[in-house]
Amino acid sequence: MEKRLSKSAYGGGAGNKYVPYVTEKKNGGNPVVMIMGIVLAIIFAASTAYSGMKAGLTVAAGIPGSIIGSGLISIFAKQKGILGKNILQGMSSGGESIASGMIYVLPAIILIGGHVNFLSGIMVGALAVLFAIGSASLVQNYLLVEEHGRLVYPESMAISEALVASEGGGDSLKFMGIGFGAGGLITLLTTQVFGWVNSTMTFLGNSTYRWKMSTEVNPMLAGIGFVVGLEVSLTMFAGSVLSNFGIAPLISYFAQMAGGHAHVWNNTALAVSKMGIDDVTGAYVKYIGAGMMLCGGILGAIKLIPVIITSIKKTLDARNSVSDDKNTLGIISLLIACVVIFVAGFIISGNILIAIVGGILSLFLSLLFVIVSARLAGTIGCSNAPVSGMTIASLVIMTLVFVLMGWTNQGHSEVLLLFGVFIVTSISVGGAYMQTQKVNYVIGGSNKEMMKYFMIAAMVGVVVVVGTTVILAPQLKITGSNPPFGLPQANLIATLTSGIMSGNLPWIMIIVGVVMALVCWMLGLPIMTVAIGFYLPISTTSIILIGALLKLLIEKTTNQPELKDRRVQSGVSLSSGLIAGGSIIGLVGIILHVTGVLGDKVPTGFAGSNGSVMILLLVLIVSIIWPLYNIKQKDLDD
């Protein structure tokens, strides 16, 4: 009999009534599983750190980890079964999540002329891991159980589908295979790997009304859109429409009137009047998005204060319990981080006041955005979470306070960025941890066991990423037209903090973002979902919307309820395959490019035109809907 996730795994009932895939309470870990998990954590942390610093590209490791882990468990620890595979996907995410956060800020210390101390980096990273896991655990029951079905966790469900499919054959595995093949093939053809075909179609407005519309044919994002559905996808796309067809053209209109003496705030070589639409977006519109996320994060965290209080009370009440309600490790981790961050701040800065102010700000901002990140994992997954946007919003506040206190020299900037490393690592780990625990909830693993193994993997990731940064420091210092490491996010962070320190930052843009977020709140709109769409490229949100529209097409054109359920369920399995194929082949492509095995290739002629992208998009659409429409009523009757 075919093994598959139940329909209730996606919602339709109370979270506390959900029956997980594995109903027996057993452990999935042992020393062999731990060793394999540590190896995977090292691999994903190192590869993500290298590719992220080289080209700014990272891929969440949960799906590759679940597939690779399934093979390792079947060879070395078969008796641990799906629970062992579940542990390995969690440890893969734990290692990778460190790199996906830390590389945004840690190299920025080198870019401003500073020095990364190995022990200081490890201390800050380890505290961030403890804080993120501890604070995320306070809202875990609310986000995973009480919000079950309302928060979809698309990548978590794709990982869960992959784990279940590995347990047996049947339709789930077949449709995952179709999705994996289609997603992998399309990814191979595009610039992510071989670069034979252009994958992004772009249309630009004229000089009077300057807008940009683009769509990337990305199988992973289309799969996510199918899983999350129309409401979330359309709300995100609305944010992109506002950004690309409202705000950017408005700023461009006034920018063209500027005199030749006016220059872009973070690029003195570029005149304001000469900015292209991408320049406007990068230098101004993104900061409006950061302001929206800052305001949305604060309002969202305020709403969750009662949940946090209830969670702490529930944990204290369960102190004599042996159940998963006893969140002892999470509370202890949180308390250690909250105390030691002040000690670490004093050791690094040598100034008690800096340690106190920096510590309080770091804890507040980290708590705020860990909760936001944990929730965002439930809407768009970790691969697409705007970690850099939340980090920018946090560092704007941190740097402003440092300037007001008069802490503006080189040493103060280095201390500021180390606090920033704590914040960004916490944000990244918080999302990855909640995504992992959602898989754990669906499959039926132990919360405490997963927390322990995830924490071990994350600590290993800290050592790997800090070590990699220290080793590569001489190359990271090299700048110019073609540096060995591009460091796009770290360069942005370095520019941002330097701009604030010198008083040169477009504050009005951040304030406008806050005001727009408040308007969304007054209208009852989901601020963070709109803000994500505003911040992310429209090429990303548009393909997510296309995936959601394909799901809607299946639902609206299938009349028989039983057939509709089967087609949608099979579509989710196929989408999980798209996410897996796109992420794994994409990760391999990144590694091949950054190591020089494959050179960068830009498609030319028809292969580089919008026409070829439209054909590629059509191929992707057909590869999704054709297999689903081939499921007939008679197949169910048989």
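Presented here is a report on the structure given in the accompanying data block. Because the structure is predicted, anything quoted here is derived from the model rather than measured. (Residues numbered from 1 in each chain as written. Predicted model: local features only at pLDDT ≥ 70, side-chain atom pairs only at ≥ 80, totals over all residues. Heavy atoms only, no water.)

Thoughts on the overall build of the chain
Phase 1 of the analysis: Counting secondary structure elements, the chain contains 24 helices and four strands.
Phase 2 of the analysis: Scaling as 2.2 N^0.38, a compact globule of 638 residues should have a C-alpha radius of gyration of about 26 Å, and the chain matches this with 24 Å.
Phase 3 of the analysis: Here the C-alpha coordinates of the chain stretch approximately 75 × 65 × 50 Å along the principal axes.
Phase 4 of the analysis: By the burial criterion, 58% of the 638 residues in the chain qualify as buried.
Phase 5 of the analysis: A separation of at least 24 residues holds for 84% of the contacts in the chain among residues at least 6 apart in sequence.
Phase 6 of the analysis: For the chain, the computed accessible surface area is about 24,400 Å², with 66% contributed by carbon and sulfur atoms.
Phase 7 of the analysis: Averaging the positions of the 34 positive and the 25 negative side-chain charges in the chain gives two centres separated by 2 Å. (Helix = DSSP H or I, 4+ residues; strand = E, 2+ residues; numbered from the N terminus. Rg over C-alpha atoms; globule rule 2.2 N^0.38 Å. Buried < 20%, exposed > 50% of the residue type's maximum accessible area, 1.4 Å probe, protein only. Contact = heavy atoms within 4.5 Å. Areas by Shrake-Rupley, 256 points an atom, 1.4 Å probe, with all protein chains shown as cover. Lys, Arg positive; Asp, Glu negative; His and termini not counted. Charge placed at Lys NZ, Arg CZ, Asp CG, Glu CD.)

A closer look at the packing of helix α5 (residues 118–138) against helix α13 (residues 328–349)
Phase 1 of the analysis: Contact geometry for α5 and α13: axes closest at 8 Å, N-to-C directions at 150 degrees. Taken together, the axes of α5 and α13 are roughly antiparallel relative to one another. Where α5 crosses over α13, the two elements pack in a sense that is left-handed. Counted together, S120, M123, V124, L127, L130, F131, G134, S135, S137 and L138 of α5 and G330, I331, S333, L334, I336, A337, C338, V340, I341, A344 and I348 of α13 form the full contact between these two elements.
Phase 2 of the analysis: Among the residues forming the contact of α5 with α13, the class breakdown is 15 nonpolar, six polar and no charged. (Axes fitted to C-alpha atoms, helices over the stretch in contact; angles between N-to-C directions. Parallel < 35°, antiparallel > 145°, perpendicular 65-115°, else oblique. Left-handed = near helix turned anticlockwise from the far one by under 90°. Nonpolar A, V, L, I, M, F, W, Y, C, P; charged D, E, K, R; others polar.)

Quick word on the packing of aromatic side chains
Phase 1 of the analysis: Overall, the coordinates contain eight aromatic pairs when judged by the stated rule.
Phase 2 of the analysis: Arranged with centres 5.2 Å apart and planes meeting at 75 degrees, the rings of Y253 and F254 form a pair that is edge-to-face.
Phase 3 of the analysis: Where F402 meets W407, the ring centres are 5.2 Å apart and the plane angle is 80 degrees; that geometry is what we call edge-to-face.
Phase 4 of the analysis: A residue is classified by how much of its surface remains accessible, and W407, at 8% relative accessible area, is buried.
Phase 5 of the analysis: Over the face of the ring belonging to Y535 we find K286, whose NZ or CZ atom lies 4.1 Å from the ring centre. (Phe/Tyr/Trp six-rings, centres within 6.5 Å; stacked < 30°, edge-to-face > 60°. Lys NZ or Arg CZ within 6 Å of the ring centre and 35° of its normal.)

Considering the pattern of salt bridges
Phase 1 of the analysis: Across all of its chains, the model carries four salt bridges by this definition.
Phase 2 of the analysis: Close ionic contact of K7 with D565 constitutes a salt bridge, the shortest N to O distance being 3.2 Å. Residue K7 is found in the segment before α1 (31–55), and its partner D565 is found in helix α22 (residues 561–594); the two are separated by 558 residues along the sequence.
Phase 3 of the analysis: Residue classification places K7 among the exposed positions, given a relative accessible area of 56%.
Phase 4 of the analysis: Measuring nitrogen to oxygen at the nearest pair gives 3.3 Å for the salt bridge that ties R375 to E147. With a gap of 228 residues between them, R375 in helix α14 (residues 352–376) and E147 in the loop between α6 (140–146) and α7 (154–165) connect regions that are remote in the sequence.
Phase 5 of the analysis: Residue R375 is classed as partly exposed on the basis of its relative accessible area, which comes to 32%.
Phase 6 of the analysis: For E147, a relative accessible area of 9% gives the class buried.
Phase 7 of the analysis: Ionic contacts of the salt-bridge type, sharing partners, join the residues E147, R150 and R375 into one network. (Salt bridge = Lys/Arg side-chain N within 4 Å of Asp/Glu carboxyl O.)

Here's the deal with unusual backbone geometry
Phase 1 of the analysis: Positive phi values are uncommon outside glycine, yet Y153 reaches one of about 50 degrees.
Phase 2 of the analysis: Examined against the element boundaries, Y153 turns out to sit in the loop between α6 and α7.
Phase 3 of the analysis: When its relative accessible area of 0% is taken as the criterion, Y153 is described as buried.

A closer look at the environment of T436
Phase 1 of the analysis: Mapped onto the elements, T436 comes out in helix α16 (residues 410–443).
Phase 2 of the analysis: On the basis of relative accessible area, T436 is assigned to the buried category, the value being 1%.
Phase 3 of the analysis: Spatially, the C-alpha atoms of T436 and M102 are 19 Å apart, while their sequence positions differ by 334 residues.
Phase 4 of the analysis: With residues up to four places along the chain from it excluded, the contact list for T436 reads Q89, G90, S93, M450 and F454.

Remarks on the side chain of T425
Phase 1 of the analysis: Inspection of the secondary structure assignment puts T425 in helix α16.
Phase 2 of the analysis: For T425, a relative accessible area of 0% puts it in the buried group.
Phase 3 of the analysis: Side-chain polar atoms of T425 contact the backbone oxygen of V421, separated by 2.6 Å.
Phase 4 of the analysis: Other than its neighbours up to four places away in sequence, T425 contacts I98, M102, G125 and A128. (Polar contact = N/O pair within 3.5 Å; in protein donor to acceptor, adjacent residues only side chain to side chain.)

A look at α14
It helps to recall that an α-helix has 3.6 residues per turn; residues three or four apart then point in one direction.
Phase 1 of the analysis: Compared with an ideal rise of 1.5 Å per residue, which puts 25 residues at 36 Å, α14 spans 35 Å between its outermost C-alpha atoms and is within 8% of the ideal.
Phase 2 of the analysis: Among the 25 residues that make up α14, 18 are buried, leaving the element largely enclosed by the rest of the structure.
Phase 3 of the analysis: At the N-terminal boundary of α14, the capping side chain belongs to N351, with an oxygen 2.8 Å from the backbone nitrogen of L353. (Expected span 1.5 Å × (residues − 1).)

Some points on the pairing of strand β4 (residues 267–271)
Phase 1 of the analysis: When strand β3 (residues 263–264) meets β4, the two strands line up antiparallel, connected through two bridges. In the sheet register, V264 faces β4, and the bridge partner there is N267.
Phase 2 of the analysis: Remark: two residues form the turn of the hairpin made by β3 and β4, two consecutive strands paired antiparallel. (Pairing = 2+ DSSP bridges.)

Side note on the side chain of T529
Phase 1 of the analysis: Tracing the backbone shows T529 in helix α20 (residues 527–535).
Phase 2 of the analysis: Overall, the relative accessible area of 12% leaves T529 in the buried class.
Phase 3 of the analysis: Among residues more than four places away in sequence, those in contact with T529 are V232, T235 and M236.

Notes on the nonpolar core
Phase 1 of the analysis: Counting residues in each nonpolar core, the largest one holds 185 residues, and the members touching the most others are Y284, F422 and I624.
Phase 2 of the analysis: Ranked by the residues each element gives to this core, the list is headed by α16, at 18 residues.
Phase 3 of the analysis: In contact with F422, other than residues within four places in its own chain, are V124, L127, A128, F131, I341, S362, L363 and S366.
Phase 4 of the analysis: Counting 15 residues, the second largest nonpolar core, distinct from the first, contains A41, L88, M91 and M450. (Core = buried A, V, L, I, M, F, W, Y, C linked by side-chain atoms within 4.5 Å.)

So, the state of the cysteines
Phase 1 of the analysis: Summed over all chains, the structure comprises zero disulfides.
Phase 2 of the analysis: No disulfide involves C295; its sulfur sits 9.2 Å from that of C520, the nearest cysteine. (Disulfide = S-S within 2.5 Å.)

Regarding the packing of helix α10 (residues 230–255) against helix α21 (residues 538–557)
Between two packed helices, what matters for the description is the angle formed by their axes and the separation of those axes.
Phase 1 of the analysis: The N-to-C vectors of α10 and α21 enclose an angle of 150 degrees; their axes lie 9 Å apart at closest approach. As α10 runs across α21, the sense of the crossing is left-handed. Contact residues: L230, S233, L234, M236, F237, S240, N244 and F245 in α10; I538, T541, S542, I544, L545, A548, L549 and L552 in α21.
Phase 2 of the analysis: Broken down by class, the residue content of the contact of α10 with α21 amounts to eleven nonpolar, five polar and no charged.

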